[in-house]
Amino acid sequence: MNTLQNILTEYETAGNVESFLAHELSLTPEFLQEQLWSLSPEEQNKLLQSLEKLEADLKNYIAQMDIAKDEVKSQLSNHTKSLSACLKYGGAQDLRATSAEHDE
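Residues numbered from 1 in each chain as written. Predicted model: local features only at pLDDT ≥ 70, side-chain atom pairs only at ≥ 80, totals over all residues. Heavy atoms only, no water.

Section: the overall build of the chain
Scanning the chain for helices and strands turns up five helices and zero strands. When the elements of the chain are put in sequence order from the N terminus, they spell out α-α-α-α-α. Split into buried and exposed, the 104 residues of the chain put 18% on the buried side. Sequence separation of 24 or more characterises 55% of the internal contacts of the chain that already satisfy a separation of 6 or more. Total accessible area on the chain stands at roughly 8,000 Å², and carbon and sulfur atoms take up 54% of it. (Helix = DSSP H or I, 4+ residues; strand = E, 2+ residues; numbered from the N terminus. Buried < 20%, exposed > 50% of the residue type's maximum accessible area, 1.4 Å probe, protein only. Contact = heavy atoms within 4.5 Å. Areas by Shrake-Rupley, 256 points an atom, 1.4 Å probe, with all protein chains shown as cover.)

Examining helix H3 (residues 29-37)
Of the positions making up H3, those classed as buried are Phe31, Gln35 and Leu36. The buried side chains of H3 occupy one side of the element, clustering within an arc of 130° when seen end-on. Opposite its buried face, H3 presents the exposed residues Pro29, Glu30 and Trp37, each directed more than 90 degrees away. Buried residues along H3 sit against helix H1 (3-14) and helix H4 (41-92). (Arc of directions from axis to C-beta.)

Considering unusual backbone geometry
The general pattern is negative phi for most residues beyond glycine and trans for most peptide bonds. Of note in the backbone geometry, Glu24 takes a positive phi value of approximately 50° without being a glycine. As for its placement among the helices and strands, Glu24 is situated in the loop between helix H2 (17-21) and H3.

What to know about the nonpolar core
Residues Leu4, Leu8, Tyr11, Phe20, Leu47, Leu51 and Leu54 are the most contacted members of the largest nonpolar core, which totals 13 residues. Among the elements of the structure, H1, H2, H3 and H4 are those that each provide at least two residues to this core. Setting aside anything within four residues of it in sequence, one finds Leu8 in contact with Phe20, Leu47, Ser50, Leu51 and Leu54. (Core = buried A, V, L, I, M, F, W, Y, C linked by side-chain atoms within 4.5 Å.)

Details of the side chain of Gln5
Relative to the assigned elements, Gln5 resides in helix H1. Setting aside chain neighbours within four positions, we find Gln5 in contact with Leu39, Glu43 and Leu47.

Re the confidence of the model for the chain
This prediction gives the chain a mean pLDDT of 86; 88% of its residues lie at or above 70. No element of the chain has a lower mean pLDDT than helix H5 (residues 99-103), at 52, and none a higher one than H4, at 91. (pLDDT = per-residue confidence, 0-100.)

What about the pattern of salt bridges?
Under the definition given, this model contains three salt bridges. With a closest N to O distance of 3.7 Å, Lys46 and Glu42 form a salt bridge. With a gap of four residues between them, Lys46 and Glu42 both fall in helix H4, about one helical turn apart. Among the salt bridges present, the one from Glu55 reaches Lys59, with a minimum N-O distance of 3.6 Å. Of this pair, Glu55 and Lys59 both sit in helix H4, separated by four residues, roughly a single helical turn. (Salt bridge = Lys/Arg side-chain N within 4 Å of Asp/Glu carboxyl O.)

Now the structure itself:
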């Protein structure tokens, strides 16, 4: 087995994309060609199937991360609006937020 096969086998066993990403492997065309050429035709087909599954899983993972990022952006925006409203109200009431209170 070559490097890519080992990593893909581990990824398929773990069943999540993060196990693959943890290897920080760069899938350049040259690297993929080198890995494929070192295999028999049957092993090449298996590796290509694994790569296709990985590609689909990575697209799904990226979509999930985009959703999570948008949720965090929304929460930060809501927090900022709330903080701004509280400071305006405090200013209208002649109250001032101290830096210690603001940091909480």
